[in-house]
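# Fold and geometry: a report
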Amino acid sequence: MLDIKILRENPDRVRRGIINRGGRYLPVLEEALSLDSVYRAALKEVEALRGKRNEAAKKIGALRASGTGDAALLKEAEALKELLRQKEKELSDLEPKMKALAVSLPNIPDESVVIGQTARENKTVRVWGEPKTLGFKPKDHQEIGEGLGLLDFERARKLSGSRFALLCGRGAKLERALITLMLDIHVKENGYKEFWPPYLVTDETLVASGHLPKSREDMYRISRNDTGPEQFLIPTAEAPLVNLHRDEILEEAVFPLAYVAFTSCFRSEAGSYGKDIRGLIRNHQFNKVELVRFSLAEQSMGELEVLTRQACMVLERLNLPYRVIELCTGDMGFASAKTFDLEVWMPSENSWREISSCSNCGDFQARRAGIRVKRVNGKKDFVHTLNGSGVAVGRTFAAILENY
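### Considerations on the overall build of the protein
- In terms of regular secondary structure, the protein is built from 12 helices and 14 strands.
- Its C-alpha atoms give the protein principal-axis dimensions of about 105 × 45 × 40 Å.
- Partitioning the intrachain contacts of the protein with sequence separation of at least 6 by distance along the chain shows that 74% fall at a separation of at least 24.
- Counting only carbon and sulfur atoms, one obtains 52% of the accessible surface of the protein, whose full area is about 20300 Å².
- Between the mean site of the 61 positive side-chain charges and the mean site of the 57 negative ones, the protein shows a separation of 1 Å.

This is the structure:
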């Protein structure tokens, strides 16, 4: 969530950031600014009425102390009380509308991010490894996996419908081995603390992480009964990990914090089509090892470099060619202030395919989640949060089949 001070004091900065993202959220911004003006005017009116009420109460108190009364003053005070009640109600009715607009606005891109509208304007930072040149048309990972008996999409479709995978025998063993490898690298070598969070979370958790309300249509929602609270299957372990410190104040000395979790993830993947729906690339259920870091504001850009480097370690250990891409403003995720994507080489496509997205969200998620740091001087600031796949297991499985 954006700092309300920035919205009020520097709306042009927010407007410029949203335009650089593509302009989609400009109507929301203008509505938020307009409503904020109404809210501040209402607040000013309420504060003035409270002042008059207090003055009237003092006068009435003084009269009662002297043993006298003033019927007109009492009537005026009663009318003032009723007017104040109405205005406070109007003010309280504005607050949820303000919050709904505030959580619908994306993060502002960092000043260092390349300005652009599409993936074509992303910048290649570095390339690792040599993509293999094959003297024949390579099979894709689905054809290879089915031919080797590692994958069975027909039986998966019988069990669950389209866009699910069934891993068989050595395929299931490879998936399990990849998960263990990734966790061991991040826990034993990179010093992450491992968690295994619930797969069902509340809407409050997803609002705090920035996935709601923006991505509601991409979520799987369930309710235990007709009257029970709605819960969501997690789209990524980022959501529960970021919320571990929701509404907490942490001491400065504990930073940075580094958390990792393996989970299955669930997304409807609405809008994807063509080659994206073959094999393991965009399934409704998939496995991922997720990295989340909590940082002090002044250290978070350095922490983004650390996070990205640690995600790269998995691909290098597997000797899979990859490249690091800095995303332009128009291609970044909703909560991100700056993002590096890792893309692995896929021979069947003769191109690169995203396998991890490493983002610095600044204080955007921390404001929504109420996560602060108490500085040694006593001052309280919002922390910065970072996240990235370390890495997507299914896409790593696919890259291994195609590259080997």
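### Topic: the packing of aromatic side chains
- Inspection of every chain in the model, using the stated rule, returns 8 aromatic pairs.
- A centroid spacing of 5.7 Å and a plane angle of 15° characterise the contact between W128 and Y322, whose relative ring orientation is stacked. Linking W128 in strand β1 (residues 123-128) with Y322 in strand β9 (residues 322-326), this pair joins segments that are 194 residues apart in sequence.
- Look at W196 and F262: their rings are 5.8 Å apart centre to centre, the planes differ by 75°, and that puts the pair in the edge-to-face class. In this pair, W196 is assigned in the loop between β2 (193-195) and β3 (200-201) and F262 in strand β7 (residues 257-266), connecting sequence segments 66 residues apart.
- Taking relative accessible area as the criterion, F262 reaches 12% and is therefore assigned buried.
- Site record: aromatic cluster; members linked through ring pairs are Y25, F334 and F364.
- The side chain of K132 reaches across the aromatic face of Y404, ending 4.6 Å from its centre.

### Points about the pattern of salt bridges
- Applying the stated criterion across every chain, the model contains 30 salt bridges.
- When the shortest N-O distance is used, the salt bridge between E189 and R317 registers 3.0 Å. Placement of E189 in helix α7 (residues 170-189) and of R317 in helix α10 (residues 300-317) is noted, with a sequence separation of 128 residues between them.
- Among the residues examined, E189 registers a relative accessible area of 44% and is labelled partly exposed.
- Across the salt bridge formed by E303 and R293, the nearest N and O atoms sit 2.5 Å from each other. Here the residue E303 occupies a position in helix α10, and R293 occupies one in strand β8 (residues 285-295), the gap between them amounting to 10 residues.
- R293 sits in the buried class, given a relative accessible area of 7%.
- Among the charged side chains, a network of salt bridges with common partners joins E252, E298, R375, K379 and D381.

### With respect to the sheet that holds strand β6 (residues 249-251)
- Read across the sheet, 3 strands follow the order β6-β12-β13 without closing on themselves; strand pairing throughout is mixed. Edge positions in the sheet fall to β6 and β13 (380-382), since each of these pairs with one other strand and no more. Shown here is a sheet whose adjacent strand axes are inclined to one another by a mean of 35°, direction ignored.
- Sheet analysis places strand β12 (residues 372-374) next to β13, joined by 3 bridges and oriented antiparallel. For K374, the partnering residue across the bridge sits in β13 and is K380.

### Brief notes about the pairing of strand β11 (residues 351-360)
- Of all 10 residues making up β11, 7 are buried, and the element is well covered by its neighbours.
- Pairing between strand β10 (residues 338-346) and β11: 9 bridges, direction antiparallel. Note on β11: the bridge partner recorded for F340 is C358.
- Hairpin connection between β10 and β11: a loop of 4 residues separates the two successive antiparallel strands, and N350 in this loop has a positive phi of roughly 55°.
- By the bridge criterion, 2 bridges tie β11 to strand β14 (residues 384-392) in an arrangement that is antiparallel. Along β14, the bridge assignment pairs N360 with L386.

### As for the sheet that holds β14
- Read across the open sheet, the 8 strands follow the order β1-β9-β10-β11-β14-β8-β7-β2; overall the sheet is mixed. A single partner strand is all that each edge strand has here, and the edge strands are β1 and β2. Each adjacent strand pair in this sheet contributes to an overall mean axis angle of 25°, direction not counted.
- Across the sheet, α7 lies against β2, β7, β8 and β14, angled at about 5° from β8, the strand it touches most.
- Against the sheet, α10 engages β1, β8, β9, β10, β11 and β14, with an angle of about 10° to β14.

What counts, and where the lines are drawn
Residues numbered from 1 in each chain as written. Predicted model: local features only at pLDDT ≥ 70, side-chain atom pairs only at ≥ 80, totals over all residues. Heavy atoms only, no water. Helix = DSSP H or I, 4+ residues; strand = E, 2+ residues; numbered from the N terminus. Contact = heavy atoms within 4.5 Å. Areas by Shrake-Rupley, 256 points an atom, 1.4 Å probe, with all protein chains shown as cover. Lys, Arg positive; Asp, Glu negative; His and termini not counted. Charge placed at Lys NZ, Arg CZ, Asp CG, Glu CD. Phe/Tyr/Trp six-rings, centres within 6.5 Å; stacked < 30°, edge-to-face > 60°. Buried < 20%, exposed > 50% of the residue type's maximum accessible area, 1.4 Å probe, protein only. Lys NZ or Arg CZ within 6 Å of the ring centre and 35° of its normal. Salt bridge = Lys/Arg side-chain N within 4 Å of Asp/Glu carboxyl O. Pairing = 2+ DSSP bridges. Axes fitted to C-alpha atoms, helices over the stretch in contact; angles between N-to-C directions.

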